[in-house]
Structures are given as C-alpha cells and as structure tokens.
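The chain contents come next:
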Amino acid sequence: MSISPFLRSPFTDITGGLVSHQMLGKCQKEEMRYMDCLEAYGLERGRRKCAYLIEDFQECQTKTKQFKRFMAMRKERERQIAEGTLTGDKKYVTPRIDSY
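Below you will find a few notes about this structure. Given the structure is predicted, the values throughout are model-derived calculations rather than measurements. (Residues numbered from 1 in each chain as written. Predicted model: local features only at pLDDT ≥ 70, side-chain atom pairs only at ≥ 80, totals over all residues. Heavy atoms only, no water.)

**Points about the packing of helix H2 (residues 28–41) against helix H4 (residues 51–62)**
To characterise two packed helices, one gives the angle between the axes of the helices and the distance between these axes. Running from N to C, H2 and H4 cross one another at 150°; their axes reach a closest spacing of 9 Å. Considering their axes alone, H2 and H4 lie roughly antiparallel with respect to each other. Here H2 runs over H4; the crossing is left-handed. Contacts between H2 and H4 involve Glu30, Glu31, Arg33, Tyr34 and Cys37 from the first element and Leu53, Ile54, Asp56, Phe57 and Cys60 from the second. Considering only residue class, the contact of H2 with H4 consists of 6 nonpolar, no polar and 4 charged. (Axes fitted to C-alpha atoms, helices over the stretch in contact; angles between N-to-C directions. Helix = DSSP H or I, 4+ residues; strand = E, 2+ residues; numbered from the N terminus. Parallel < 35°, antiparallel > 145°, perpendicular 65-115°, else oblique. Left-handed = near helix turned anticlockwise from the far one by under 90°. Contact = heavy atoms within 4.5 Å. Nonpolar A, V, L, I, M, F, W, Y, C, P; charged D, E, K, R; others polar.)

Here it is as structure tokens:
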C-alpha cells in the first residue's frame, strides 16, 4: 500500500484527491493513529515501526478476518445440520446472520 501518487505530474494536485476516512468514515481512529505514526517516523521507517497500525487499518477497511470467521461459523453450522445434530428450530438463525 502506498500513499504517494501513482503518477507524478503538475496535474496531480488538481486531479488526484486524497481519499480519507475522516469524514463519515468508520475507520477514523485507525487512520489517524496510522498517519500520526507515519508522520512521527517518516514513510520508510514508519512502514516497519507502524506495521501493526497498518494491519489494523487494513482490517478496518476490508474486514477480511471478520468475514473469514463468519464463513467458518456458517460452514460449521451447515456441517452440523447435514450430520443431523442441529434439528428443528435450532438449525434456524436470524435473517441478519444468514444475510451477512
């Protein structure tokens, strides 16, 4: 992940907007901690020192660990239904859980 522009030109400032989560974003705190750490250590050194903050911010954005955990729980529930250990009303969950 890079925060520098992909193409450097005189038009970069005009056409390239900085995407941030500070306005109505759910990852505001994680992004601020990440940017403060990069500002304190610099970009290159900050990538090593702030690796845990980078991971937290990326998880907040993508939610990959949360989705994998949810899919594992759903797969386990489906396995138990196929075995017959969950029967009757126990095999049904709320629509919110099933719709993710």
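**A word on the nonpolar core**
Residues Cys27, Tyr34, Leu38, Ile54, Phe57 and Cys60 constitute the largest nonpolar core, which totals 6 residues. When residues of this core are traced back to their parent elements, those giving at least two are H2 and H4. For this core, the element with the highest residue contribution is H4, accounting for 3 residues. (Core = buried A, V, L, I, M, F, W, Y, C linked by side-chain atoms within 4.5 Å. Buried < 20%, exposed > 50% of the residue type's maximum accessible area, 1.4 Å probe, protein only.)

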